[in-house]
Amino acid sequence: MQTIEPIEWLHGKIRIIDQSRLPHQEVQLELAGYEEVAEAIKMLRIRGAPLIGIAGAYGLALCAQSIEIKSRPRFLRELHRIAEALASTRPTAVNLRWAIDRMLATTETKRDIAAIKSALIIEARAIHDEEREATTRLSRLGAALIKDGFTVLTHCNAGALATGGYGTALGVIKAAREQGKHIDVIATETRPLLQGARLTAWELRRDGIPVTLITDSMAGHFLSRRKIDCVITGADRIAANGDTANKIGTYTLAVLANENDVPFYAAAPLSTIDRSLPSGDRIPIEERDPEEVTCIQGVPVAAPGVRAANPAFDVTPHRYVSAIITEHGIARKPYKASIAKLFRPPQTRTKGGSSGRS
Ligand code: MRU
């Protein structure tokens, strides 16, 4: 399998693959300031929950290097202003806020500005390395749920492009393949921005994994005709009770999967779990430009003046989620207990509730 590096730290620049132009153009961009990083996140040049966390961390490290203020308190005020601008670009995926908060926390113990600047680079690289490691681990654990001969339906793009690592939902599929299992994938196109058609189908073909593209509205048909053995998606924010926010349309898929007795799995690193939210009701849902709905790839499909709505994510209630696959194990219902257990030290995690081998 060829490695995809959707983001790279180049000391003084961040190099990204512009995902908004895939699959027809493979264009790399070099970002040098926080406005460019913020624009790239907003416009989905960099996208996917874990990847925008990594991008936010690198963005902050990068911008810190060019702040010329000599007083520590004023330097930190400027850093916090930039951090806020980056964190507010996309509100649903908690990984972005998580990574920015982690970056800011590293500044607290450093006395001088030079030490803060180098600590920020070290921390951003650590976040990238740890997320890469986490997605590899969760993919291997999750592969146990995928049997030889399975047809797996996935939505949006939760692969290397979305994570800067192995992938989450696609990572699980890739790991199952690497274990020698024969897997077929059905990818939903994922309107309005077509991450399934443009990115998932491209990524799977590159990896030599058989994939069939369907429109979002075909999923119920395939589920009811027993053509799908499980549904697996990534996640943008998971509340303490297991309610899961992911790309718009995920809730519909989860309900349809349950109606047809097909397991619905969410795969995500722990950085996607927001234990400060008891349930999914308060997960902020990003509202995007209605033009993304009235147009496809910039081409108008609705009559001029037609009103459109564009929530980018929805929340799947935990009752529809069969399991949550993380790098610390596979959590199952009741999620309040099994998710809390994922955050405990390793030796206390293995008893009951969740495990790496469910
Ligand atoms: O709007 P996007 O393309 O950033 O949405 C991405 C998704 O919803 C993914 O499924 C999610 O971030 C999981 S990525 C591993």
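Cut-off values and rules
Residues numbered from 1 in each chain as written. Predicted model: local features only at pLDDT ≥ 70, side-chain atom pairs only at ≥ 80, totals over all residues. Heavy atoms only, no water. Near = heavy atom within 4 Å. Polar contact = N/O pair within 3.5 Å; in protein donor to acceptor, adjacent residues only side chain to side chain. Areas by Shrake-Rupley, 256 points an atom, 1.4 Å probe, with all protein chains shown as cover. 1 Å grid on protein atoms, 1.4 Å probe; cavity = no way out; pocket = protein on both sides within 12 Å on 5 of 7 lines; lining within 4 Å. Sits in = over half its atoms within 2 Å of the grid points. Nonpolar A, V, L, I, M, F, W, Y, C, P; charged D, E, K, R; others polar. Domains from an automatic or database assignment. Points joined across faces, edges and corners; volume = space filled by probe spheres on them. Helix = DSSP H or I, 4+ residues; strand = E, 2+ residues; numbered from the N terminus. Core = buried A, V, L, I, M, F, W, Y, C linked by side-chain atoms within 4.5 Å. Buried < 20%, exposed > 50% of the residue type's maximum accessible area, 1.4 Å probe, protein only. Contact = heavy atoms within 4.5 Å. Buried area = accessible area lost by both parts, 1.4 Å probe.

A few words on the site of the ligand. Taken together, 19 residues surround the ligand, and among them Arg 47, Ala 49, Arg 90, Asn 246 and Lys 247 come closest. Between an oxygen atom of the ligand and a main-chain N or O atom of Gly 48, the distance comes to 3.0 Å. A distance of 2.8 Å separates an oxygen atom of the ligand from a polar atom in the side chain of Lys 247. Relative to its free-state accessible area of 410 Å², the ligand is covered by the protein chains to the extent of 99%. Judged by the proximity of its atoms to the pocket grid, the ligand belongs to the largest cavity. Residue classes in the shell around the ligand are distributed as eight nonpolar, seven polar and four charged. Three or more residues apiece are contributed to the shell around the ligand by two domains, here domain 1 (7–135) and domain 2 (139–348).

What follows deals with empty space enclosed by the protein. It is a probe the size of a water molecule, rolled over the atoms, that shows where empty space is left. Applying the stated criterion across every chain yields a total of two cavities of 30 Å³ or more. Taken as a whole, the largest cavity encloses approximately 200 Å³ of empty space. As for the largest cavity, its lining consists of 24 residues, and the residues nearest its centre are Arg 47, Gly 48, Ala 49, Asn 157 and Asp 236. Within the residue set of the lining of the largest cavity, elements represented by two or more residues are α2 (49–65), α6 (160–163) and β9 (244–247). Here the lining of the largest cavity is composed, by residue class, of eleven nonpolar, nine polar and four charged. When residues of the lining of the largest cavity are sorted by domain, at least three fall in each of domain 1 (7–135) and domain 2 (139–348). Its volume calculated, the second largest cavity comes out at about 50 Å³. Residue composition of the lining of the second largest cavity, grouped by class: six nonpolar, two polar and three charged.

Before going further, it helps to spend a moment on the nonpolar core. Judged by nonpolar contacts, the single largest core of 43 residues is most densely connected at Ile 14 and Leu 79. The set of elements that each furnish at least two residues to this core consists of β1 (7–9), β2 (14–17), α1 (34–42), α2, α3 (72–87), α4 (94–107) and α5 (113–142). The leading source of residues in this core is α2, at twelve residues. With residues up to four places along the chain from it excluded, the contact list for Ile 14 reads Ile 7, Glu 8, Trp 9, Leu 29, Glu 30, Leu 31, Val 37, Tyr 58, Gly 59 and Leu 62.

This part covers the domain arrangement of the protein chain. Segmentation of the protein chain into domains returns domain 1 (7–135) and domain 2 (139–348). Of the roughly 2,500 Å² buried where domain 1 meets domain 2, counting both sides, 53% is carbon and sulfur surface. Contact with domain 2 buries surface across domain 1, with Arg 47, Thr 92 and Thr 135 losing the most and accounting together for 27% of the total. Linking domain 1 with domain 2 are 18 residue pairs in polar contact (both at pLDDT 80 or more), by the criterion used here. Among the secondary structure elements, those contributing two or more residues to the side of domain 1 that touches domain 2 are α2, α4 and α5. For the side of domain 1 that touches domain 2, the element with the highest residue contribution is α5, accounting for five residues.

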